[in-house]
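Reading the structure
Here are the chains, one letter per residue:
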Amino acid sequence: LAGIGTGILFNSNTFCSLANCSTVGATTTATSTARIASILTNVSTSTVASDLLFYTKGSSLGLTEAARLTSRGNLGIGTSTPYHTLTVASSTGPQLALTDGSATANPWTFRSINNNFYLATSSPSTFATSTLAALTIDAGGNILFQGGNVGIGTTSPGSLLSIGNTSGWNFTTATSSSFATGGV
């Protein structure tokens with residue numbers, strides 16, 4: 001009997017407007033606005049397990065599952081099947097945004113889609129992600145920077161790759177090594 005359980009349903013009353021309250025038959029209606037539910041996911045006599053589900057109302061279509069805490073301790077936001085301690089899923093936008101809380105700051109957003117990872121900025125007013133990611137890591141492990149310069153050992157890179165080390169530079173691959181001091 002997996003899938004059965006109990007929960008708390010939150011309702012809100014919709015009152016008639018003053019103009020139609022005097023109308024004969026005017027009523028107050030209730031609508032479900034949120035729900036917290038516990039459902040059984042395994043009813044074996046040796047390993048009974050349950051998940052805690054959180055539902056919210058985003059439209060007139062009814063309640064939709066927004067988050068789930070599984071019996072394994074995994075929290076899923078935007079997914080009913082979290083496979084990690086924290087799984088944030090979205091098929092339409094960034095899964096995570098970091099911001100300083102300012103209404104005018106551009107938050108940094110993280111997104112994983114089609115086996116690629118993207119780090120980009122987002123608009124503070126429309127929350128739209130920029131069309132170019134600042135950093136992309138593709139499925140092949142390639143790291144792509146979009147625009148700007150990369151600095152190693154410097155806070156002001158002056159070219160695509162700037163290495164600020166007074167003792168020189170050293171590039172090493174699996175088969176060869178290169179080292180120099182001074183300018184290149």
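The shown structure was predicted, so the numbers you read here are calculated from the model rather than taken from an experiment.

Our next topic: the confidence of the model for the chain. On average, the chain scores 79 in pLDDT, and the residues at 70 or more come to 76%. Averaged pLDDT values over the elements of the chain bottom out at 56 in helix α1 (residues 18–21) and peak at 96 in strand β5 (residues 75–77).

If you trace the five strands from one edge of the open sheet to the other, you get β7-β8-β9-β10-β11, paired in antiparallel fashion. Whereas interior strands pair on both sides, the edge strands pair on one side only; in this sheet they are β7 (96–98) and β11 (143–145). Pairs of neighbouring strands in the sheet enclose a mean axial angle of 15 degrees, with direction left out of account.

A separate point is unusual backbone geometry. Even without being a glycine, Asn 114 presents a positive backbone phi close to 50 degrees. Of note, Asn 114 is situated in the loop between β8 (108–113) and β9 (116–121). Residue classification places Asn 114 among the exposed residues on the basis of a relative accessible area of 65%. Of note, Asn 115 is a non-glycine position whose phi angle comes to about 65 degrees, a positive value. Here Asn 115 falls in the exposed class, since its relative accessible area comes to 64%.

Now for the pattern of salt bridges. Under the defined criterion, the tally for this structure stands at two salt bridges. Among the ionic pairs, Glu 65 bridges to Arg 68, the shortest N-O distance being 2.8 Å. Here Arg 68 falls in the buried class, since its relative accessible area comes to 11%. Among the charged side chains, a network of salt bridges with common partners joins Asp 51, Glu 65 and Arg 68.

Pairing of strand β3 (residues 48–57) with strand β4 (residues 63–69), which is carried by six bridges, proceeds in the antiparallel orientation. Paired with Leu 52 across the two strands is Leu 69, which belongs to β4. Hairpin remark: β3 followed by β4, antiparallel, with five residues in the connecting loop; positive phi at Gly 62, about 120 degrees. As paired strands, β4 and β5 are joined by three bridges and run antiparallel to one another. Looking across to β5, one finds that Arg 68 is bridged to Gly 76.

The subject of this paragraph is the packing of aromatic side chains. A complete count under the given rule lists one aromatic pair for this structure. When the ring centre of Tyr 55 is taken as reference, the NZ or CZ atom of Arg 35 above it lies at 4.8 Å.

Attention shifts here to the side chain of Thr 87. By the element assignment, Thr 87 lies in strand β6 (residues 86–88). Relative accessible area serves as the criterion here: at 15%, Thr 87 is assigned to the buried category. A distance of 3.2 Å separates a polar side-chain atom of Thr 87 from the backbone nitrogen of His 84. Sequence-distant contacts of Thr 87, that is, excluding residues within four places in its chain, are made with Leu 75, Gly 76, Ile 77, Thr 79 and Pro 82.

Quick notes on the rules
Residues numbered from 1 in each chain as written. Predicted model: local features only at pLDDT ≥ 70, side-chain atom pairs only at ≥ 80, totals over all residues. Heavy atoms only, no water. pLDDT = per-residue confidence, 0-100. Helix = DSSP H or I, 4+ residues; strand = E, 2+ residues; numbered from the N terminus. Pairing = 2+ DSSP bridges. Axes fitted to C-alpha atoms, helices over the stretch in contact; angles between N-to-C directions. Buried < 20%, exposed > 50% of the residue type's maximum accessible area, 1.4 Å probe, protein only. Salt bridge = Lys/Arg side-chain N within 4 Å of Asp/Glu carboxyl O. Phe/Tyr/Trp six-rings, centres within 6.5 Å; stacked < 30°, edge-to-face > 60°. Lys NZ or Arg CZ within 6 Å of the ring centre and 35° of its normal. Polar contact = N/O pair within 3.5 Å; in protein donor to acceptor, adjacent residues only side chain to side chain. Contact = heavy atoms within 4.5 Å.

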